Amino acid sequence: MIEIKQLFKRFEGNEVLRGVDLTIGKGHTTAIIGSSGSGKSVLLKHIIGLLKPEAGCVFLDGVCVTDLNYEQLKDVRKKMAMVFQGAALFDSMTIAENVGIGLYSHTRMSREQIARRVTECLDWVGLHKIEKLSPAELSGGMQKRVAIARAIAMEPEILLYDEPTTGLDPIRANSINDLIVHLQNKLDVTSIVVTHDMNSVERIADFVAFLHNGRIRFEGTVQELRESEDVILRNFVEGVDEVETLAA
Ligand SMILES: Nc1ncnc2c1ncn2[C@@H]1O[C@H](COP(=O)(O)OP(=O)(O)O)[C@@H](O)[C@H]1O
Ligand SMILES: [Mg+2]
């Protein structure tokens, strides 16, 4: 469903993506792992069309989205929603306004319909009666949930998460992992999760892609990841564990 072919992206002298090839199947959860600064967020931004590559294509249902202009991209964007790193909520708006923002600007739904949809989406992510609060009144974990509610409000086919558990304590991180799995099953979407959290990978992913030196160095199931003897991949996987143990 999503096919990334020979994607190249450079910022001035910094070659971030150097020929990324990756196929992401429908209806599964794919984790994209890689060390900090390896280009995971840059890759996600190409998938939703926020960045344009120097060369290569992201094909969505056979259409090269990286070639589309702004108008044409609107249709593609309706199929996708991204949960940004942090939570990227608007501080001056209520929770209800934050979750409903896409519905206000991109649909003809009435205020009542939007209010119902907002409450429904907050229910999905396990939040109740917080519509009138402001983001500052919520904990980091709750803000993440609101960001996820906002993403699912538009009924996307593809959900992209950028580091959804970063900055959360292990218990809250796991409850976000469980939520990602729950939504995956309930909404039957395609989920793409960028993370450097191996615990998260174990809990949520069907498939894993390892981004290293600007290319996909490993692509396979979680079981295949465990069995891989590639030293660089092993160092990444075990190195992360070590750092986490030290931090704990
Ligand atoms: N808009 C930008 N302008 C210049 N450099 C960027 C930009 N976005 C990302 N980069 C650089 O690209 C590299 C990869 O960044 P990023 O995708 O954010 O890494 P990560 O894997 O941690 O998400 C980094 O060296 C970063 O500094
Ligand atoms: Mg990032």
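One structure accompanies this document, and this report is about it. (Residues numbered from 1 in each chain as written. Chains lettered and ligands numbered in written order. Predicted model: local features only at pLDDT ≥ 70, side-chain atom pairs only at ≥ 80, totals over all residues.)

## Digging into the site of ligand 1
The environment of ligand 1 is made up of Phe11, Asn14, Val16, Gly34, Ser36, Gly37, Ser38, Gly39, Lys40, Ser41 and Val42. Breaking the shell around ligand 1 down by element, the ones donating at least two residues are strand 2 (14–24) and helix 1 (40–47). Sort the elements by how many residues they give to the shell around ligand 1 and helix 1 lands first, with 3 residues. Here the shell around ligand 1 is composed, by residue class, of 3 nonpolar, 7 polar and 1 charged. (Near = placed C-beta within 6 Å. Helix = DSSP H or I, 4+ residues; strand = E, 2+ residues; numbered from the N terminus. Nonpolar A, V, L, I, M, F, W, Y, C, P; charged D, E, K, R; others polar.)

## Quick notes on unusual backbone geometry
Phi at Glu163 is positive, roughly 50°, even though this residue is not glycine. Residue Asp188 is not a glycine yet carries a positive backbone phi of 55°. For Asp188, a count of 10 C-beta atoms within 10 Å translates into the label exposed. (Buried ≥ 20, exposed ≤ 12 C-beta atoms within 10 Å, placed from the backbone.)

## Some points on the sheet that holds strand 9 (residues 207–212)
Across the sheet, 6 strands lie side by side as 6-7-8-3-9-10; this open sheet has mixed pairing. Of all strands in the sheet, those bounded by a partner on one side alone are strand 6 (80–83) and strand 10 (215–221). On average, adjacent strands in this sheet sit at an angle of 15° to one another, irrespective of strand direction. For strand 3 (residues 29–33) and strand 9, the ladder comprises 4 bridges, and the chain directions are parallel. Residue pairing for strand 9: Ile32 is matched across the bridge by Ala209. With respect to the sheet, helix 5 (residues 140–153) is in contact with strand 6 and strand 7 (158–162), its orientation differing from that of strand 6 by roughly 175°. (Pairing = 2+ DSSP bridges. Axes fitted to C-alpha atoms, helices over the stretch in contact; angles between N-to-C directions. Contact = placed C-beta atoms within 7 Å.)

## A look at the sheet that holds strand 5 (residues 63–64)
The strand order 2-1-4-5 describes an open sheet built from 4 strands, whose pairing is antiparallel. Every other strand in the sheet has two partners, leaving strand 2 and strand 5 as the edge strands with one partner each. In the sheet, strand 1 (residues 2–11) pairs with strand 2 via 8 bridges, with the strands oriented antiparallel. Within the sheet, the bridge partner assigned to Glu3 lies in strand 2 and is Thr23.

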